[in-house]
Amino acid sequence: MSLLAQEGVTHIFGNPGTTELAIMHALNDHPELSYVLGLQESVVVAMADGFARASGTVTACNVHVAPGLGNAIGSIYNTYKSGSPLIITAGQQEQGHGLTEPLLYGPMIDMARPVVKWAHEISRIEDMPRIIHRAAKIATTAPTGPVFLSLPGDILNQESQIELGVPTRVDTVGRPSENALEQLTNTILASNSPVIVAGSEVVSSDAQNEVASLAETLGAPVYHQTVPSGPHFISEHPAFMGSLTRDQQRVRNTLAPFDLMLAIGCDILQMSVWSPTDPLPPELEILQIGLRDWEMGKNYPAKIALRHDVSETLGALVPLLIQRGGQDLKDRASAGMESLTSSNWSTNRAAKMQQATEDANTHPIEPEWLMMALSSQLTKNCIVVDEGLTAAKSLLDFMPLRDRYSYFGMVSGGIGWGIAAAIGVQLAQPDRRVVAIIGDGSAMYSPQALWTAAHLQLPITFVILNNRGYRILKERLIAFHGDERFIGMDFKDPPIDMAALSTALGTPGKQINKPEEFIACFSESLKSTGPSLLEVMVEPGPGS
């Protein structure tokens, strides 16, 4: 516990078992560490993931032996994809006892290794300081990510006088060489029509303003990467055009007018399902800036790839562009910015709001109207956690992203993350209201988290979008196979009463069937000091 506190850990998310009782005993002597109880291991890791993403700090969580680690693997996969700096621990059977294959024993290092940066089992109590400090260093060094430690019961129960050592942090905030900046500047100035694609490292580097300055200097449009997991760019900036989709042909059409893509801390055109169409136009060259070198040239060659911090690099690049580009660049940028106003995010939002308003009295509730109505009531202090999938796909068409912690979206595609992640986000940002927008299918993966929200009386509004099934699968079955016979895609018999389930877990729930009900109930929920859940019955889509 002292070692974790040294590393800056303030919360431990966990679900304890017999093997971890030594940890629970030790926590009594460490009031500086808050223990957050989750009722299932995937929930525990997702809460820790939300906390790490919303705080930017190393976070600890503990699960119970091999079955608990197995329960958590899907959530650990999410943290691996999001790069969340977690120290994940699990109790293990005593050394030597495992040879007898007792209950709950398993090869946890082998289980965890594919989804973490480092996995190790502690075999001597004297090694614990070195291992904990190494784990924190690995988790927090870019590219950041989770690590896993197995804690045998005999090690946890030992007592010994040992030196704790001190933490290490690796400073990766650096800028390119003068030669690299010169090459980058020349390449950009030679471009006739550059486009900027902004990604997750804009958030981790706190570089929204620097990306905006780059866009203004070039007069270039800015798109979010295909998986918008955070506020990669300021929505109401005149250069913002919205998010690239995960439709290969649409992305190819969007990028066709440009000759240079400035990929700023982003994934390069990550898609969901296969298509014979390549999303990258053949003549479009790529410049990549960021710290995740695995992404550089992974699927498409980069003309220039700089493994450097986004904020520092842009801070050095923009003055060079202004100096070297002179009046010609200034004139081009002015014309470019002017040309974007007729089709940027703000203009498109106004048109979509007018269209969505027409569904204000529709029953069941139209998802686009719902996203518009919800967005219009959010205060600037609200944070949105989004796992709404099909019913919330228009959310970012209406909701303006203003600061780096105002929005958290799913990263890996693995569902069941959102309810629990919202708890971690709120604990990391205690002065802000959290609104979690969750599809009904996703909600059923982790409803246990509602108990933790109630137990801690956190100011979270859970909005469950109930379309009574897996709408995304129905739409894809029709699109890919022309088949409207839906097997295993409905929750109608019996129907799931999410509001009642939430109430049973201590978070007051209410079912919403009419648009006017939602307006009033959502407004009221934002004033509450504790959690609440609104189950909104939305238009169910195919097969309804």
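Located above this text is the structure these notes cover.
Residues numbered from 1 in each chain as written. Predicted model: local features only at pLDDT ≥ 70, side-chain atom pairs only at ≥ 80, totals over all residues. Heavy atoms only, no water.

S.K.: Give a description of the layout of surface pockets that names residues and reports values.
M.R.: Volume-wise, the second largest pocket comes out at about 890 Å³. Forming the boundary of the second largest pocket are 29 residues, of which Met 1, Ala 26, Met 128, Leu 156 and Gln 158 lie nearest the centre. If you list the elements that add at least two residues to the lining of the second largest pocket, you get helix H1 (2-6), helix H2 (21-27), strand E3 (59-63), strand E4 (86-92), helix H6 (128-140) and helix H7 (153-156). Broken down by class, the residue content of the lining of the second largest pocket amounts to 18 nonpolar, nine polar and two charged. (1 Å grid on protein atoms, 1.4 Å probe; cavity = no way out; pocket = protein on both sides within 12 Å on 5 of 7 lines; lining within 4 Å. Points joined across faces, edges and corners; volume = space filled by probe spheres on them. Helix = DSSP H or I, 4+ residues; strand = E, 2+ residues; numbered from the N terminus. Nonpolar A, V, L, I, M, F, W, Y, C, P; charged D, E, K, R; others polar.)

S.K.: Give me the lowdown on the pattern of salt bridges, citing residues and values where you can.
M.R.: It is possible for side chains bearing opposite charge to pair when their charged atoms get close. Inspection of every chain in the model, using the stated rule, returns 19 salt bridges. Between Arg 169 and Glu 7 there is a salt bridge, with the nearest N and O atoms lying 2.7 Å from each other. Here Arg 169 is found in the loop between H7 and helix H8 (178-189), whereas its partner Glu 7 is found in the loop between H1 and strand E1 (11-14), with 162 residues between them in sequence. On the basis of relative accessible area, Arg 169 is assigned to the partly exposed category, the value being 42%. Here Arg 402 and Glu 236 are joined by a salt bridge, their closest N and O atoms 3.0 Å apart. On the criterion of sequence distance, the pair formed by Arg 402 in the loop between helix H15 (395-398) and strand E14 (407-409) and Glu 236 in the loop between strand E8 (222-224) and strand E9 (240-243) is long-range, its members being 166 residues apart. Judged by its relative accessible area of 37%, Glu 236 falls in the partly exposed class. Among the charged side chains, a network of salt bridges with common partners joins Glu 201, Asp 267 and Arg 292. (Salt bridge = Lys/Arg side-chain N within 4 Å of Asp/Glu carboxyl O. Buried < 20%, exposed > 50% of the residue type's maximum accessible area, 1.4 Å probe, protein only.)

S.K.: Tell me about the packing of helix H14 (residues 367-377) against helix H21 (residues 515-525), and please be specific about residues and values.
M.R.: Put simply, H14 and H21 touch, their axes get as near as 11 Å, and they point 25° apart. If you check the angle between H14 and H21, you find them roughly parallel. Here the hand of the crossing between H14 and H21 comes out right-handed. Here H14 contributes Trp 369, Leu 370, Ala 373, Leu 374 and Gln 377 to the contact with H21, which in turn contributes Pro 515, Phe 518, Ile 519, Phe 522 and Ser 523. (Axes fitted to C-alpha atoms, helices over the stretch in contact; angles between N-to-C directions. Parallel < 35°, antiparallel > 145°, perpendicular 65-115°, else oblique. Left-handed = near helix turned anticlockwise from the far one by under 90°. Contact = heavy atoms within 4.5 Å.)

S.K.: Tell me about the environment of Val 9, residues and numbers included.
M.R.: As for its placement among the helices and strands, Val 9 is situated in the loop between H1 and E1. Among the residues examined, Val 9 registers a relative accessible area of 4% and is labelled buried. As a C-alpha pair, Val 9 and Asp 110 span 101 residues in sequence and 26 Å in three-dimensional space.

S.K.: Which residues make up the environment of Gly 439, and what are the values?
M.R.: Looking at the element boundaries, Gly 439 is found in strand E15 (residues 434-439). Classification of Gly 439 as buried rests on a relative accessible area of 9%. Residues within four places of Gly 439 in sequence aside, it is in contact with Glu 387, Gly 388 and Leu 465.

S.K.: So what about the side chain of Gln 377? Which residues, and what values?
M.R.: Mapped onto the fold, Gln 377 is located in helix H14. Separated by 3.4 Å, the side chain of Gln 377 and the backbone oxygen of Ile 519 make a polar contact. Not counting chain neighbours up to four residues away, the residues in contact with Gln 377 comprise Ile 519, Phe 522, Ser 523 and Leu 526. (Polar contact = N/O pair within 3.5 Å; in protein donor to acceptor, adjacent residues only side chain to side chain.)

S.K.: Give a description of the nonpolar core that names residues and reports values.
M.R.: In this structure, Phe 13, Phe 148 and Phe 462 are the most contacted members of the largest nonpolar core, which totals 54 residues. What Phe 148 contacts, discounting residues up to four positions off in sequence, is Leu 69, Ile 88, Thr 89, Ala 90, Met 108, Ile 109, Ala 112, Val 116, Trp 118, Ala 119 and His 120. Grouped together as the second largest cluster of nonpolar side chains are 53 residues, Val 195, Val 202, Leu 260 and Ile 304 included. (Core = buried A, V, L, I, M, F, W, Y, C linked by side-chain atoms within 4.5 Å.)

S.K.: Tell me about the packing of aromatic side chains, and please be specific about residues and values.
M.R.: On inspection of all chains with the given rule, the structure shows five aromatic pairs. Ring geometry for Phe 233 and Phe 240: centres 5.9 Å apart, planes at 40°, overall tilted. Exposure class is identical for Phe 233 and Phe 240. Each is buried. A centroid spacing of 4.8 Å and a plane angle of 90° characterise the contact between Tyr 470 and Phe 491, whose relative ring orientation is edge-to-face. Of the two residues, Tyr 470 is situated in the loop between strand E16 (460-466) and helix H19 (471-481) and Phe 491 in the loop between H19 and helix H20 (498-504); the sequence distance between them amounts to 21 residues. According to the relative accessible area criterion, Tyr 470 is partly exposed, its value standing at 26%. (Phe/Tyr/Trp six-rings, centres within 6.5 Å; stacked < 30°, edge-to-face > 60°.)

S.K.: Would you mind going over the sheet that holds strand E18 (residues 532-537) in detail, with residue names and values included?
M.R.: Where strands meet in a sheet, backbone hydrogen bonds hold them as pairs that are either parallel or antiparallel. A sheet is described by the order of its strands in space; here six strands give the open sequence E14-E13-E15-E16-E18-E17, paired in parallel fashion. Here the strands that pair on one side only, and so sit at the sheet edges, are E14 and strand E17 (509-512). Put simply, the sheet's adjacent strands are angled 15° from each other on average, direction ignored. Of the strands in this sheet, E15, E16 and E18 are in contact with H14, which crosses E16 at around 170°. (Pairing = 2+ DSSP bridges.)

S.K.: Break down the pairing of E18 for me, with residues and values.
M.R.: Regular strands show a simple pattern: their side chains alternate between the two faces of the sheet. With six of six residues buried, E18 lies mostly within the body of the structure. Alternating positions in E18 separate into two faces, Ser 532, Leu 534 and Val 536 on one and Leu 533, Glu 535 and Met 537 on the other, with burial throughout. In the sheet, E16 pairs with E18 via six bridges, with the strands oriented parallel. Looking at the pairing, Ile 464 lines up with Glu 535 of E18. Looking at chain direction, E17 and E18 are connected through four bridges and run parallel. Paired with Lys 510 across the bridge in E18 is Leu 534. Remark: the E17/H21/E18 crossover connection has right-handed handedness. (Right-handed = clockwise from strand over helix to strand, strands pointing away.)

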